[in-house]
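Summary of structural features
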Amino acid sequence: MSKVIVVTSGKGGVGKTTSTASIGVALAQTGQRVCIVDFDVGLRNLDLVMGAERRVVYDFINVAQGDAKLAQALIRDKRIDTLHLLAASQTRDKDALTDEGVERVIGELRDSFDWVLCDSPAGIERGALLAMRFADQAVVVTNPEVSSVRDSDRIIGLLDSKTRRAERGERIDKQLLLTRFDAGRSNRGEMLSVADVLDILSIPLLGIIPESEDILRASNVGAPVTMTGLTSLAGRAYRDAARRLAGETVPTVIPDEKKTLLNRLFGRRAA
Amino acid sequence: MSLFRFFKSRGTAPVARERLQILLTHERVALGPRDLVAILRDDLLATIARHIEFDPEKLSVKMDRAGAFSTLEIDVEIPSDKINSAALRRTPSTQASAA
């Protein structure tokens, strides 16, 4: 049975694209067929994060408008056989996507993949609404920071009212992915804690991704953290999140990147 | 470092938390009954699940507005064997009354 997941946040720059790519890779590594779809028309970046920027020939809009077949537009990852990318258009404007077009493409993707991960654009405009419209489930990406939490609250409201499932009176599962989390700062009371954010947004937790230098390194080379670096804490956190998404029970640990000897000696004790 | 911090006032996270809680309580009201249906659905799910084993996907909650009235439509599909086993576990006095 195929699952369509929207990765959304309201606020920009919180890690939607990174999270889509990293979780997509982690799911595909287990042999499941995964397609990651870029909904950010005009500002596509998922191709770049995946290292596939020079392989885009046809895009989502070409398929939605019937100018290309889905098979022509899908880009198969060179490293993981079961992973595909559907890029957004860089040149067309965002109004080129219609409800009907998106519904048809999502329907076709459901036939060929176990997982369809939709990378939403920022904002609450048409593009973001289209990305969530036909989803079964949502991953709400949030930073432990006031503006991000507020925007996530707004997005949760939209998920509960503007999606096809919500309109039909069905349930749309929403899970929180807390990114750029710094356990040290949170322990010192300088950053909202995991419990704070969960309490305010009141949706279940999918995972906690630590602030990590590995993320920038990964996007520099076009290989998500889950693809390389088995030792990376961020990579491990994304792999755990992917397993939870797939229904496994994985204990939640609060990742702490800076537990060095010096920090242990001079820093406050980590919980 | 940590010694200095010890004497300084506590971090700013509690302020952030409080501001958000106040703001969002206000905004959720201001933006209308944004997910009243979702809240109802979650509560109904929890309530029904306490008594009967059922598939959460089979619960449908709809709210329709027509003129001065709103109708709330709740549709739950439950396999009949679950009803029987749930009835056996309950005494008549605890039977839920349908509104």
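See above for the structure.
Report follows, based on the coordinates. (Residues numbered from 1 in each chain as written. Chains lettered and ligands numbered in written order. Predicted model: local features only at pLDDT ≥ 70, side-chain atom pairs only at ≥ 80, totals over all residues. Heavy atoms only, no water.)

1. Examining the overall build of chain A
Each helix and strand in chain A was counted, giving 13 helices and 8 strands. Taking 18 Å as the expected radius of gyration for a compact globule of 271 residues, we find that chain A reaches 18 Å, a close match to that expectation. With the principal axes as the frame, chain A shows a C-alpha extent of 60 × 40 × 35 Å. Burial status across chain A gives 56% buried among its 271 residues. Put simply, of all contacts in chain A between residues at least 6 apart along the chain, 75% involve residues at least 24 apart. With the model as given, the accessible surface of chain A reaches about 11,800 Å², and the carbon-plus-sulfur share is 49%. Of note, chain A has its 38 positive side-chain charges centred 3 Å away from the centre of its 37 negative side-chain charges. (Helix = DSSP H or I, 4+ residues; strand = E, 2+ residues; numbered from the N terminus. Rg over C-alpha atoms; globule rule 2.2 N^0.38 Å. Buried < 20%, exposed > 50% of the residue type's maximum accessible area, 1.4 Å probe, protein only. Contact = heavy atoms within 4.5 Å. Areas by Shrake-Rupley, 256 points an atom, 1.4 Å probe, with all protein chains shown as cover. Lys, Arg positive; Asp, Glu negative; His and termini not counted. Charge placed at Lys NZ, Arg CZ, Asp CG, Glu CD.)

2. Quick look at the interface of chain A and chain B
Counting residues at the interface gives 28 residues for chain A and 28 residues for chain B. When chain A packs against chain B, close to 2,500 Å² is buried across both sides, 49% of that on carbon and sulfur atoms. Run the count over chain A and chain B and you get 6 salt bridges. With its nearest N and O atoms 2.7 Å apart, the salt bridge here joins Asp199(A) to Arg17(B). Those elements that provide at least two residues to the side of chain A that touches chain B are α7 (146–162), α8 (164–167) and α10 (194–201) of chain A. The dominant element in the side of chain A that touches chain B, judged by the number of residues it contributes, is α7(A), at 9 residues. Here the side of chain A that touches chain B is built from residues that sort into 9 nonpolar, 6 polar and 13 charged. (Buried area = accessible area lost by both parts, 1.4 Å probe. Salt bridge = Lys/Arg side-chain N within 4 Å of Asp/Glu carboxyl O. Nonpolar A, V, L, I, M, F, W, Y, C, P; charged D, E, K, R; others polar.)

3. Thoughts on unusual backbone geometry
Residue and element names in this part refer to chain A. Look at Arg 180: it is not a glycine, yet its phi comes out positive at around 55°. Topologically, Arg 180 is positioned in strand β7 (residues 173–181). With relative accessibility at 42%, the residue Arg 180 sits in the partly exposed group. At Ser 202, a position not held by glycine, the phi torsion is positive, near 40°. Tracing the backbone through its elements, the reader meets Ser 202 in the loop between α10 and β8 (205–210).

4. Thoughts on the environment of Phe113(A)
Residue and element names in this part refer to chain A. Note on placement: Phe 113 falls in the loop between α5 (99–112) and β5 (115–119). Taking the relative accessible area as the measure of exposure, Phe 113 reaches 5% and is therefore buried. Separated by 138 residues in the primary sequence, Phe 113 and Pro 251 place their C-alpha atoms 28 Å from one another. Sequence-distant contacts of Phe 113, defined by excluding residues within four places in its chain, comprise Ser 2, Arg 33, Val 34, Cys 35, Leu 74 and His 84.

5. Notes on the pattern of salt bridges
Enumeration over the complete set of coordinates arrives at 26 salt bridges over all chains. Asp114(A) is the partner of Arg33(A) in a salt bridge, and the nearest nitrogen-oxygen pair spans 3.0 Å. Residue Arg33(A) is located in the loop between α1 (16–29) and β2 (34–38), and its partner Asp114(A) is located in the loop between α5 and β5; the two are separated by 81 residues in the primary sequence. Among the salt bridges present, the one from Asp214(A) reaches Arg217(A), with a minimum N-O distance of 2.8 Å. Remark: Arg217(A) and Asp214(A) occur in helix α11 (residues 213–221); sequence separation between them is 3 residues, near one turn of the helix. Under the relative-accessibility criterion, Asp214(A) is labelled buried at 19%. The network of salt bridges with common partners includes Arg110(A), Asp136(A), Arg165(A), Arg171(A), Asp173(A) and Glu57(B).

By themselves, these figures tell us nothing about what the structure is for.
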